[in-house]
Amino acid sequence: MKSPPFCTNPLCTQHTPKVVKKRKKKKLPTFHKHGTRSTLAFGLVQRFCCVLCGTTCSSQSFSLDFYAKKVISYNDLQNLMVTSSSIRAIGRILSCSPASVLNRTMRLSRQCAAIDAEILSQVALDENLVIDGFESYVESKYHPNNINIAAGSDSSFIYATTYTQLNRKGRMTDAQKSKAAALKETEHITPEPTVTPVQFLCAQLSPLIASKPDTTTISSDLHHSYPQPIRELGSQVVHIQTSSHDPRSKENPLAPVNYADREFRKDLCEHGRKTICYGKNVNNQMDRFITYTFWHNYVKQYRINDPKEKYHLRHYDQAGIDNELVNRARVKMYTKRRFFSHIQEKLSWFHRVWWVRLLQNPEASSKMYVPKFLTSF
Ligand SMILES: [Zn+2]
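Participant: Help me understand the overall build of the chain in this model?
Facilitator: Of the regular secondary structure elements, the chain holds 14 helices and eight strands. The C-alpha radius of gyration computed for the chain amounts to 22 Å, which stays within 12% of the reference 21 Å derived for 377 residues, consistent with globular compactness. Summarising its shape, the C-alpha atoms of the chain cover approximately 65 × 55 × 45 Å along the three principal directions. Relative to its 377 residues, the chain shows a buried fraction of 32%.

If you want it as structure tokens, here you go:
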């Protein structure tokens, strides 16, 4: 790297790449070289200093492997993750520790969220929507959760995601009841939320619905949490509710989310029935889920049984999203780090909270690790 594309200090004028380009055009100074640093993984790394604020950075600051000590293929990591491989199995195949797998997944999932937000901020919705809560759990079956999703009714493209922590429901033995009561005492006591997860989901959908010229139909099951937030979206939205006990056929209005649910159970080992590879940390679980939805939307073939001439189709093609736009947004996705400060305005509230790992684990004793590369710039 001859010169940094921008200053890493979010308060500096040169934090905007366009400003740096303009200054270079006017032949004004932007950065000067500030020595080198020798690394085992990346060789000699050039350091730079911003002429406006004096913040120093290196060529590694703009790499997805910022702070990393070993090169691991993100493409291989993504391919293994979406084929139901466990963390330890991925570590064994990629010759790294489970902690390194989690660390790289953390980086990759934020790239996926940033690229997805970049694309969705530039598209107009061209279909109706279906929303649903995908049931799973984290830490133990005493802590079930719902990962709320909104999918396109024709394309099964996943437009929005949020997370809800639930209490264990259903029949329990006396021993299970007393364990549930003991675990409840150790839980984080959070104030009653003023905004529900479905409202957060609707907030993500709101700009997309506004971009659609005609009425949008949102289908959901009969759960009581849906009508109010959907009504708040305005008169251009029609809400249809269908029982989740109806036959899971192609004609069912909930077919896109039923299809997505099956794919999650099949492709992500932690969501499989009777799995032993359950999620231990809510933030890590969402890292994997967001990486998966990106792969589902932009990489996976639309239908495996399609004729040969349709092999190139992906879910985003079916959603009417321009191929050029997707290719442009995905440039260097495995190497060029997307900065939170550059993308945060396009991210939803839920994704901002998740980005800095503020989703709370149900058990208070669980440690929350926030790596430096997420919070430093
Ligand atoms: Zn600066």
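Participant: Mind showing me how you'd approach the domain arrangement of the chain here?
Facilitator: Buried accessible area, meaning the area lost when the parts come together, often serves as the stated size of an interface. When cut into domains, the chain gives domain 1 (13-62) and domain 2 (74-375). Using only C-alpha atoms to locate each centre, domain 1 and domain 2 end up separated by 36 Å.

Participant: I would appreciate a short explanation of helix H4 (residues 98-120) in the present structure.
Facilitator: Residue pairs three or four apart in sequence face the same way in an α-helix, which turns once every 3.6 residues. Over its 23 residues, H4 runs 32 Å from end to end, which matches the ideal 33 Å to within 8%, given 1.5 Å per residue. Burial runs high along H4: 18 of the 23 residues are buried.

Participant: It is not clear to me how the environment of Pro-256 should be interpreted in this structure. Could you clarify?
Facilitator: By secondary structure assignment, the location of Pro-256 is in helix H8 (residues 255-267). Sequence-wise, Pro-256 and Ile-158 are 98 residues apart; in three dimensions their C-alpha atoms are separated by 9.4 Å. Contacts of Pro-256, omitting those with residues within four sequence positions, involve Val-130, Ala-151, Gly-152, Ser-153 and Ser-156.

Participant: Teacher, can you tell me more about the sheet that holds strand E1 (residues 31-39) here?
Facilitator: Strands in a sheet are paired, the pairing made by backbone hydrogen bonds, and the direction either parallel or antiparallel. In space, the three strands of this open sheet follow the order E1-E2-E3, with antiparallel pairing throughout. Two strands in the sheet have a free side with no partner beyond their single neighbour: E1 and strand E3 (56-58). Neighbour-to-neighbour, the strand axes of this sheet turn through a mean angle of 30°, independent of strand direction. Relative to E3, strand E2 (residues 43-50) runs antiparallel, the two being bridged by three bridges. Looking at the pairing, Cys-49 lines up with Thr-56 of E3.

Thresholds, definitions, all that
Residues numbered from 1 in each chain as written. Predicted model: local features only at pLDDT ≥ 70, side-chain atom pairs only at ≥ 80, totals over all residues. Helix = DSSP H or I, 4+ residues; strand = E, 2+ residues; numbered from the N terminus. Rg over C-alpha atoms; globule rule 2.2 N^0.38 Å. Buried ≥ 20, exposed ≤ 12 C-beta atoms within 10 Å, placed from the backbone. Domains from an automatic or database assignment. Expected span 1.5 Å × (residues − 1). Contact = placed C-beta atoms within 7 Å. Pairing = 2+ DSSP bridges. Axes fitted to C-alpha atoms, helices over the stretch in contact; angles between N-to-C directions.

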